[in-house]
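What follows is the residue order along each chain.
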Amino acid sequence: MTLVLAAVALGLAAGVLAGLFGVGGGILFVPMLLALGLGQLEAEATSLLAILPTVAAATWRQHRYGNVRWRAAALLALASLPGVALGAWAAESLPEDALRRLFALLMLGVAAQIAWRARHA
Amino acid sequence: MPLLLLVARFPHRPAMGTSLAAIGGTALAGVAAYSFTGRVDVLHAALVGIPAAAGAIAGSALQQRLPTRGLALGFAALLTAVAAMLLLG
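Attention here is on the structure that accompanies the text.

What counts, and at which threshold
- Within each chain, residues carry numbers counting from 1 in the order of the written sequence.
- Chain labels run from A onward and ligand labels from 1 onward, assigned in the order the entries are written.
- Per-residue local features are limited, in this predicted model, to residues with pLDDT of at least 70; the limit for side-chain atom pairs, both in listing and counting, is 80 or more; totals at the level of whole chains, interfaces and linings are taken over all residues.
- The side-chain numbers reported here are obtained from all heavy atoms of the structure, hydrogens and water having been left aside.
- Convention adopted: a line fitted to C-alpha atoms gives each axis, helices being fitted over their contacting stretch, and angles between N-to-C directions are expressed from 0 to 180 degrees.
- Secondary structure elements are taken from DSSP: a helix is a run of H or I of four residues or more, a strand is a run of E of two residues or more, and numbering for both begins at the N terminus.
- Angle categories: roughly parallel below 35 degrees, roughly antiparallel above 145, roughly perpendicular from 65 to 115, and oblique for all the rest.
- We call two residues contacting when some pair of their heavy atoms lies within 4.5 Å.
- As a working rule, the residues Ala, Val, Leu, Ile, Met, Phe, Trp, Tyr, Cys and Pro are called nonpolar, Asp, Glu, Lys and Arg charged, and the rest polar, with Gly in that last group.
- In this scheme, a crossing is called left-handed if the near helix is turned counterclockwise away from the far one by less than a right angle; it is called right-handed if the turn is clockwise.

**Quick look at the packing of helix H4 (residues 52-64) of chain A against helix H3 (residues 42-62) of chain B**
For the pair H4(A) and H3(B), the least separation of the axes is 7 Å and the interaxial angle reads 40 degrees. Viewed along their axes, H4(A) and H3(B) adopt a mutual orientation that is oblique. Contacts between H4(A) and H3(B) involve Pro53(A), Thr54(A) and Arg61(A) from the first element and Gly49(B), Ile50(B), Ala52(B), Ala53(B), Ala56(B) and Ser60(B) from the second. When the residues that make up the contact of H4(A) with H3(B) are grouped by side-chain class, the tally is 5 nonpolar, 3 polar and 1 charged.

In C-alpha cells form, the structure reads like this:
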C-alpha cells in the first residue's frame, strides 16, 4: 500500500514540476519507476505511457486556445516513427547498465537546458 | 519546436501546441513498439501518470504565482543529483 502511495505522490510531484517548467517533469518518471522496482527498459517504456495523460490534457487545453495545427502534428508524429523503431531496437540491444548511464546523461542534458533557460529568462 | 519555428515559420504558441500534440503521437508510437517486447507496465504507468496529469494542471496554474527561476535551478540540481546516482550506483 505504501508503494502505491509513493507512486501516486511521486507522480503528482513530477506533474507539478512539468506544469511549472514546461519541460523535464516526465524525465523524473524513469528514476521513480526504477525506485519502484522496474528494470531500466521497463521504466523507460512505461514512462512513455505514463506521460500520455499529461500530454493529452495539455494538448486539449492548447487545442481549445487554437494553438494546435493537427495536420502538422500528425506529419511530425509520422515522421518520427522510423526514429522510434530504431531507438527501441537500439535500447533493446543495449545492456541494462549502459542504457541506465545513457539515460543519466540525458538527465544531465535536461538539467542543463532548464538551468540555461532559468538564467536567461 | 525549432523545426516548426524556423522552417515552417509557426508563431510561438501554435508551435508549442502543435509540438505537444506531435510528442503525444511519438510517445504513443513508443508505447506500441515496446508493447511488442512486453516492456510496458500499464499499472505503474497509471499509478504515476494519472496523478502526474493532475499535478501538471496544478503546476501550470502555479506558474504565474511562484518565483520559477529559483525553483528551476533547484529542479536542475535535483535532476543532476539523480543522474549522478544513476551513473555511480
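**A closer look at the packing of helix H3 (residues 40-50) of chain A against H3(B)**
In contact at an axis separation of 8 Å, H3(A) and H3(B) are set at 50 degrees when each is read in the N-to-C sense. Between H3(A) and H3(B), the interaxial angle falls into the category oblique. By crossing handedness, the relation of H3(A) to H3(B) is classed as right-handed. Along its contact with H3(A), which presents Thr46(A), Leu49(A) and Ala50(A), the element H3(B) presents Val42(B), His44(B), Ala45(B) and Gly49(B). Of the residues in the contact of H3(A) with H3(B), the class split is 4 nonpolar, 3 polar and no charged.

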